[in-house]
Structure formats: C-alpha cells, structure tokens
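This is what each chain is made of:
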Amino acid sequence: MGRFCLACPALISLPSSAYNIHVNGVLHCRVRYSQLLGLHEQLRKEYGANVVPAFPPKKIFTLTPAEVEQRREQLEKYMQAVRQDPLLGGSEIFNSFLRKAQQETQQIPTEEVQLQVLLSNGQKVEVSILTSDQTEDVLEATASKLDLPDDLVGYFSLFLVRETKDGGFSFVRKLQEFELPYVSVTSLHNPEYRIILRKSYWDSAYDDDVMEHRVGLNLLYAQTVSDIERGWILVNKEQHRQLKSLQEKVSKKEFIRLAQTLKYYGYLKFDPCVTDFPERGCHVVVSAGNNELNFQVRLPSEQIKEGSFKVTRMRCWRVTSSSSQVPTTNGPAGSGPGKAEVKLELAFEYLMSKDRLQWVTITSPQAIMLSICLQSMVDELMVKKSGGSIRKMFRRRASGGLRRSDSQQAVKSPPLLDSPDGSREPIAKLSSKLSSVSLRGISHSSSAGDVGSNDFHGNYAFEGIGDEDL
C-alpha cells in the first residue's frame, strides 16, 4: 500500500488511469494524470522550468500494463521530488491542489459545520468552520474561540489523535497544510479519531512568551497537568506534594516553573513499539523532546534500560513502509487473503562516535509522527542558530488577522493531581557513549511499498563531533 508520508507521496494506479495518494496508510485523495499534469504546468509557470522536476510525458497510444506501472513509478518520483523541495513543497499551488483533491475524493461539499477540538485536559471546544477550511484556518478559529492573542497562535498546533481504552490519546500526526482537518477526521469514519490542540514548540524557554497572556498560561497549565497525570513527566512524592500545593494556591506559573525542572517535561510520549537497539526485537517506549529521542528499552532479560539520541547527531532519517496481507478469520478456509496491513519504520543514521555512523530503526505505526517531531526540532534549532525568532517560523495568512468568534470559551482549570504512581519500574541508564553496542542495519527491501533513496530527510542541524564530546 502506498502512503503520502510527510514528504513522500506514494501513488497506487487504478484501472481508470487514476492514482490514489495515501497519508499514513489512509486514502487522502484520488487524482488523474491530467490533474497532475495541470499541477506541473502551474508550478512551471510560477517557478520556471529550471526549478520544477521533469514530468512523465504524454503517450499517444494506449499504455501497456508495463508502461502503466512505469508511469506510476515516474509520477511517484515526481511527487516526491516536488514535496521535498522547500520552495515547491511548501507552495500554495501544491498544497491547495492536494486539499482540493482531498475534498473532491471524499465528496464532501463546502458548507458550514461545527467541529470539535479537544484540549489537553479533555475539554471540548466547538468551532464553526467550513468543510473546506485548511489546517491554519481551523487553528485560527480555535484560537478565536478561546480568545488566544494573534501573536500566540503560532505556538500551538492541531494534532490528529486516536483515543485509547484508558482514556488517553495516541498521536497519529500533526495536521499539515496540505489537508482539510474536517475532511481528514470525518473520512476515517471512526469516532475514536479526534483533533487536539497542543503546543508545537520544543524549547521550554518559549513558555515565557506563552505565559504572558492569561489564555496561553491556562492552555500550558492544562497540558502540563495532563502530562503529569499520564506519567509523561516523572514526579517523585516530594515533587508531587509541592505541585499539588501550588495547584491549591492556583499558582499556575509557579506550577509550570517547577514542572520545567522535572524529567521529560515538554516531551511527547509514543506508544510502545519495537526497535533494533541495542538488540533486534527489543520492546521500547520512545519519547521526543529536548532535541532528542529518548529510549526506554526492555531487554530480552526483562531489564529496562534508558538512552537518548540527540537530533544534532542524526545525519539523516527516513520513513519506510511495507504491506502484508492479513488473513481473514471469519471467512471460509481458502477464501483468500484479508486486508493489507501497513508496517511503518523510522530509521535514523546516528553518529555513535567520531568516525562511526550506524542506523537505528523503530518499527511503529507512529513512525510518521516521529519523523514530523524530528523535522520540527531541526527547524526550531536552525531558527535559533540563525538568530531568528520563533514567532517568524509561523506564516500568517495574507488576509491578516484572525476571524474573531462572536462567543469565547474559557479554558477550564484541571482537577488536582492524583497520588503519584509508585508502581513504575526502575530504569537503568545505558552507557552514555553507546559505543559498545552493535547495531543492526535496517533491511533494504525491494518491495513496492518501500521508499527509495531520495526519500531521506537530510539534517541541517547535524554536527560533527570529536571524541572529547562523547
């Protein structure tokens, strides 16, 4: 099965010479060759033939099955090249093409609807939007409903999540500029999928900007309490007592200040998955934050160890997918294969020592979300390195200010913290050098679902290091 994996569109050809583009294994849109050609011509007109990659030529005669597959592969490479180009992939021409195609494919007419957006504390915010509103529009509508100031909107993002049985959320992906949030969530036809508002930056120094305003402070406070309750931020009994005391005094800023000193503050925790580090087949819980991926690995001996991979030491990373047929369990024997199951992997090349780069692989349905986290960390680092402001990272619409809602909704204060969980298992530290561990490289499958070599995400924040830094 193909997928449109952040910067890597994948197309599946259909008998009618149309192509399916998938996002994270889910159908995003269906397009024809003529539509893709029209997109190409628009891009050439706007940016010039020397910038836009070559497009598969028209054929006069009917294509043979082999030629159909060859064209599909060529179109896939074209879409990958366009998406990965910072100028073309971030252009309104490209993104509006995908949004329009998404709406047409899902056959959802443009009309005003109510969309429910969740906050970290579980509070529901009803926003009035159009079905054709893009991600930035919905974010601005949510900010308007909460009375969040214009200059703080860019510090937050909308995420697609899936509710878990314990009442928590599993993050699927950050909603992107090429999709329509209402269409994305309703086309899944599953009430477990929701949209949640959460801060979008990694450096806790930016908390100061957010806390300057009452609504920003309340959103950050609600998220921090939620992360502590879910065990994403580690708290001992004394710290828990101090935090609860600050809650009782309604000292929200002081509560956040104390939380900032705690382990895993500001991290995004992922569902348990599998890694080949330090041994193939190890179960791991990955957290992203503080410009690193943190691993809590359960070894075959059942011992739990911890280690971190700094984003500045990742030379590049890639997301790959492969599909396998899952047999049906309720059909008659020999009735054939069931539905296709997509396996996603994130692999990154890591500088283990001065002259040693090795691959580490994570097999997880959330691989795309992990990739998005890494990319946003790099983007933030590069802005900081250039002396720029994080406020400039967030593009504003040409139309200017937000569409202000007629009615505002206050962010509710979360309840007091429950007692700390004393059942969490002790964690042993992995060697900080990580050099004695032999890593296994990822397999290079030639299946059609895999991503080619041009699907790497190069890391502009990658730094060479000397032995003294290890």
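Predicted model only: the values in this text are computed from it and were never measured. (Residues numbered from 1 in each chain as written. Predicted model: local features only at pLDDT ≥ 70, side-chain atom pairs only at ≥ 80, totals over all residues. Heavy atoms only, no water.)

Participant: It is not clear to me how the overall build of the protein chain should be interpreted in this structure. Could you clarify?
Facilitator: Assigned secondary structure in the protein chain consists of 11 helices and 18 strands. Scored against the burial criterion, the 470 residues of the protein chain give a buried share of 51%. Summed over all atoms, the accessible surface of the protein chain reaches about 22500 Å², with 50% contributed by carbon and sulfur. (Helix = DSSP H or I, 4+ residues; strand = E, 2+ residues; numbered from the N terminus. Buried < 20%, exposed > 50% of the residue type's maximum accessible area, 1.4 Å probe, protein only. Areas by Shrake-Rupley, 256 points an atom, 1.4 Å probe, with all protein chains shown as cover.)

Participant: Where do I start with the sheet that holds strand 8 (residues 193–199) in this structure?
Facilitator: In a beta sheet, neighbouring strands pair by backbone hydrogen bonds and run either parallel or antiparallel. Strand order in the open sheet formed by 5 strands is 5-4-8-6-7, and the pairing between neighbours is mixed. Every interior strand has two partners, whereas the edge strands, strand 5 (124–130) and strand 7 (169–174), have only one. Taking each pair of neighbouring strands and ignoring which way they run, the sheet shows an average axis angle of 45 degrees. In terms of strand pairing, strand 4 (residues 112–118) meets strand 8 through 2 bridges, oriented parallel. Its bridge partner lying in strand 8, Leu118 is registered against Ile196. Sheet contacts for helix 5 (residues 135–146): strand 4, strand 5, strand 6 (156–163) and strand 8; angle to strand 5, the most-contacted strand, approximately 130 degrees. (Pairing = 2+ DSSP bridges. Axes fitted to C-alpha atoms, helices over the stretch in contact; angles between N-to-C directions. Contact = heavy atoms within 4.5 Å.)

Participant: Honestly, the nonpolar core in this entry has me stumped. Any pointers?
Facilitator: Soluble, globular proteins show a tendency: their nonpolar side chains are buried together. Within the largest apolar cluster, 52 residues are counted, with the highest numbers of intra-cluster contacts made by Leu197 and Leu219. Of the residues forming this core, the biggest block, 7 residues, is contributed by helix 8 (residues 214–229). Leu219 has contacts with Leu119, Leu146, Leu148, Phe156, Leu197 and Val411, leaving out every residue within four places of it along the chain. Formed by 41 residues, the second largest nonpolar core is a distinct cluster that contains Val161, Leu293, Leu346 and Leu370. (Core = buried A, V, L, I, M, F, W, Y, C linked by side-chain atoms within 4.5 Å.)

Participant: Got a minute to help me understand the pairing of strand 5 in this structure?
Facilitator: For a regular strand, side chains alternate in direction, first toward one face of the sheet and then toward the other. Side chains of strand 5 alternate between two faces, with Val125, Val127 and Ile129 buried and Lys124, Glu126, Ser128 and Leu130 left unburied. Note that strand 4 and strand 5 share 7 bridges and pair antiparallel. Paired with Gln116 across the strands is Glu126, a residue of strand 5. Connecting strand 4 to the antiparallel partner strand 5 that follows it, the hairpin turn spans 5 residues, and Gly122 within it adopts a positive phi of roughly 90 degrees.

Participant: For this particular structure, what's the right way to read unusual backbone geometry?
Facilitator: Phi is mostly negative for residues that are not glycine, and the peptide bonds are mostly trans. Cis geometry marks the peptide bond from Phe277 to Pro278, where omega comes out at -5 degrees. Summarising the element assignment, Pro278 is placed in the loop between strand 10 (273–275) and strand 11 (282–289). In the Ramachandran plot, His189 falls in the positive-phi region, its phi being about 50 degrees despite a non-glycine side chain. Mapped onto the fold, His189 is located in the loop between helix 6 (181–186) and strand 8. We note that Val250 has phi near 55 degrees; this positive angle belongs to a residue other than glycine. Following the sequence through the fold, Val250 ends up in the loop between helix 9 (237–248) and helix 10 (252–260). On the basis of relative accessible area, Val250 is assigned to the exposed category, the value being 58%.

Participant: Looking at this structure, how should I read the packing of aromatic side chains?
Facilitator: Pairs of aromatic rings are described using the distance from one ring centre to the other and the angle between the two planes. What the rule picks out here adds up to 14 aromatic pairs. When the centroid spacing of 6.2 Å and the interplanar angle of 80 degrees are considered together, the rings of Phe277 and Phe295 count as edge-to-face. Taken together, the residues Phe277 in the loop between strand 10 and strand 11 and Phe295 in strand 12 (residues 292–298) connect sequence positions 18 residues apart. Residue classification places Phe277 among the buried residues on the basis of a relative accessible area of 0%. (Phe/Tyr/Trp six-rings, centres within 6.5 Å; stacked < 30°, edge-to-face > 60°.)

Participant: Even after reading the chapter, I still don't get the pattern of salt bridges, so can you show me in this structure?
Facilitator: Note that side chains of opposite charge can pair when their charged atoms are close. Under the counting rule described, the total for this entry stands at 18 salt bridges. Here Glu179 and Arg173 are joined by a salt bridge, their closest N and O atoms 2.6 Å apart. Owing to a relative accessible area of 8%, Arg173 belongs among the buried residues under this scheme. One salt bridge in this structure joins Glu292 and Lys310, with 3.1 Å as the shortest N-O distance. Here Lys310 lies in strand 13 (residues 304–310) and Glu292 lies in strand 12, a separation of 18 residues in the sequence. In this structure, a network of salt bridges that share partners links the residues Glu69, Arg72 and Glu76. (Salt bridge = Lys/Arg side-chain N within 4 Å of Asp/Glu carboxyl O.)

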